[in-house]
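# Per-entry structural report
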Number of protein chains: 2
Amino acid sequence: MMKIYGDAQSGNCYKVMLLCSLLKIQYQWVEVDILAGETGENMFLRKNPNGKIPLLELDDGRYLSESNAILNYLAHGSAFLPADRFAQAKVLQWQFFEQYSHEPFIAVARFIAKYLGLPEDRRADYESKQEGGVKALMVMESQLKDSRFLVGEELSTADISLYGYTHVAHEGGFDLSSFPAIQRWLQDIESTPNYLAMTSNN
Amino acid sequence: MMKIYGDAQSGNCYKVMLLCSLLKIQYQWVEVDILAGETGENMFLRKNPNGKIPLLELDDGRYLSESNAILNYLAHGSAFLPADRFAQAKVLQWQFFEQYSHEPFIAVARFIAKYLGLPEDRRADYESKQEGGVKALMVMESQLKDSRFLVGEELSTADISLYGYTHVAHEGGFDLSSFPAIQRWLQDIESTPNYLAMTSNN
């Protein structure tokens, strides 16, 4: 059975857990503690030299890292990854947007607030993430006013990628009340059969 | 004919120009001046609400943004995007690595040094990028000791993505002399038929 190395508290790892739930994919979970530094230990670096989770290990021992690459690999051939060339390119567009223009603001602000407890010496860093995070939400809102999901009318891995940290954006100080299309979209995802909620440590 | 909106000085735009040259794809180039703020103007934001280049406009008026999504769209069906499911996932793995763990360090350090002239008030920012950039180069070096290109023995869009800013990493203060496998790989890419060098403003 394939293994997924991850931290159940991480949004990037949660994306993979959510997709596996939606597609009823079986896997063995291997918990890795980021805060304790386990991703920097040699045993883990031999599996992923970039020292990041989630990490997928296939039955034959091959490894795949980067949450969005894992999502698309697992969703291959399913309804969650459109076969159409342009639609698939749009899925990637949103996933690259997520990693460059969304996650570094929203996930990092949330990390500083929720996991580090917003210490004084990180406050400027936390505040510097707000403008970029709001801009990313505005880009999403603009699309979700026009279509039910990020790429047309069907749920795709693009939605799963963006859902990961968007649905907990309030924990990073982002107020979703001024983004009605995003709120409608969150509900649409949460009402999908086999939806799995994120593990919370609260 | 399809249009590409970009700034010839940007490594993210250069990636697309390089792929088009390698594949002999014809396009109309529309120059957009980032430093003059043209990507933030309403006329551009209507094309790409995220306000970033490169941006691809197809013949039928549809738009696609994010350099790596554009690369894979254009390379679809060519030798530069492997059809094998796992190999294609590895291409994506490297492209997400590029956007999250490489570009924010190496391209940003280069931008501060080359385009802003390393002003005193950005020196701390510049220096904070060095460790992450070196780490990204070490991850690449580790792979390129094992295989000719990032995903096996053939050039793929993963290499084009990483080549964009790696081959000008010295302009961001990164010394490639301690990365012999990366240097060998740069030469292999530069000797590919129809290779196109980056436009330099020097």
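See the structure shown above.
Summary of the structure given here. (Residues numbered from 1 in each chain as written. Chains lettered and ligands numbered in written order. Predicted model: local features only at pLDDT ≥ 70, side-chain atom pairs only at ≥ 80, totals over all residues. Heavy atoms only, no water.)

### Structural notes on helix H1 (residues 11–23) of chain B
Residue and element names in this part refer to chain B. Along its 13 residues, H1 runs 18 Å from first to last C-alpha, staying within 8% of the 18 Å computed at 1.5 Å per residue. The buried count for H1 comes to 11 of 13 residues, which makes it a mostly enclosed element. Buried residues along H1 sit in contact with strand S1 (3–6), strand S2 (28–31), helix H3 (67–75), helix H4 (85–115) and helix H7 (157–166). Directly beyond the C-terminal end of H1, a positive phi value near 55° is found at Lys24. (Helix = DSSP H or I, 4+ residues; strand = E, 2+ residues; numbered from the N terminus. Expected span 1.5 Å × (residues − 1). Buried < 20%, exposed > 50% of the residue type's maximum accessible area, 1.4 Å probe, protein only. Contact = heavy atoms within 4.5 Å.)

### Quick look at the relation of the copies chain B and chain A
Superposing chain B onto chain A takes a rotation of 180° plus a shift of 0.0 Å along the axis, which leaves an RMSD of 0.0 Å. Those values place the two copies in the arrangement expected of a two-fold rotation axis. Proximity to the rotation axis, assessed at the C-alpha, singles out Tyr100 of chain B in chain B; its C-alpha lies 3.1 Å from the axis. Interface overlap between copies: 100% of the residues of chain B at the interface are likewise at the interface in chain A, consistent with a symmetric, same-surface contact. (Least-squares fit on C-alpha atoms with pLDDT ≥ 70 in both.)

### Concerning the interface of chain B and chain A
On the side of chain A, 33 residues touch chain B, which itself brings 33 residues to the contact. Carbon and sulfur atoms make up 64% of the surface buried where chain B meets chain A, a total of about 3200 Å² over both sides. Interface area lost by chain B to chain A is led by Arg85, Phe96 and Tyr100 of chain B, which between them contribute 24%. At the junction of chain B with chain A, the criterion picks out zero salt bridges. The interface formed by chain B and chain A contains 12 residue pairs in polar contact (both at pLDDT 80 or more). Of all the elements in the fold, those that place two or more residues in the side of chain B that touches chain A are strand S4 (63–65), H3, H4 and helix H6 (130–146) of chain B. At 15 residues, the largest contribution of residues to the side of chain B that touches chain A is made by H4 of chain B. Of the residues that constitute the side of chain B that touches chain A, the class distribution is 15 nonpolar, 11 polar and seven charged. (Buried area = accessible area lost by both parts, 1.4 Å probe. Salt bridge = Lys/Arg side-chain N within 4 Å of Asp/Glu carboxyl O. Polar contact = N/O pair within 3.5 Å; in protein donor to acceptor, adjacent residues only side chain to side chain. Nonpolar A, V, L, I, M, F, W, Y, C, P; charged D, E, K, R; others polar.)

### Concerning the packing of helix H3 (residues 67–75) of chain A against helix H7 (residues 157–166) of chain A
Packed helices, taken two at a time, are described by the angle their axes make and the gap between the axes. Residue and element names in this part refer to chain A. Close contact between H3 and H7 brings their axes to 10 Å; oriented N to C, the two are set at 145°. Here the hand of the crossing between H3 and H7 comes out right-handed. Together, Asn68, Leu71, Asn72 and Ala75 of H3 and Thr157, Ile160 and Ser161 of H7 make up the contact between the two elements. Residues that form the contact of H3 with H7 fall into these classes: three nonpolar, four polar and no charged. (Axes fitted to C-alpha atoms, helices over the stretch in contact; angles between N-to-C directions. Left-handed = near helix turned anticlockwise from the far one by under 90°.)

### Regarding the packing of helix H1 (residues 11–23) of chain A against H3 of chain A
All names here are of chain A. Two elements in contact, H1 and H3, have axes separated by 9 Å at closest approach and are oriented at 10°. Considering the angle they form, H1 stands roughly parallel to H3. The residues of H3 that touch H1, namely those facing Asn12, Lys15, Val16, Leu19, Cys20 and Leu23, are Ser67, Asn68, Ile70, Leu71, Leu74 and Ala75. (Parallel < 35°, antiparallel > 145°, perpendicular 65-115°, else oblique.)

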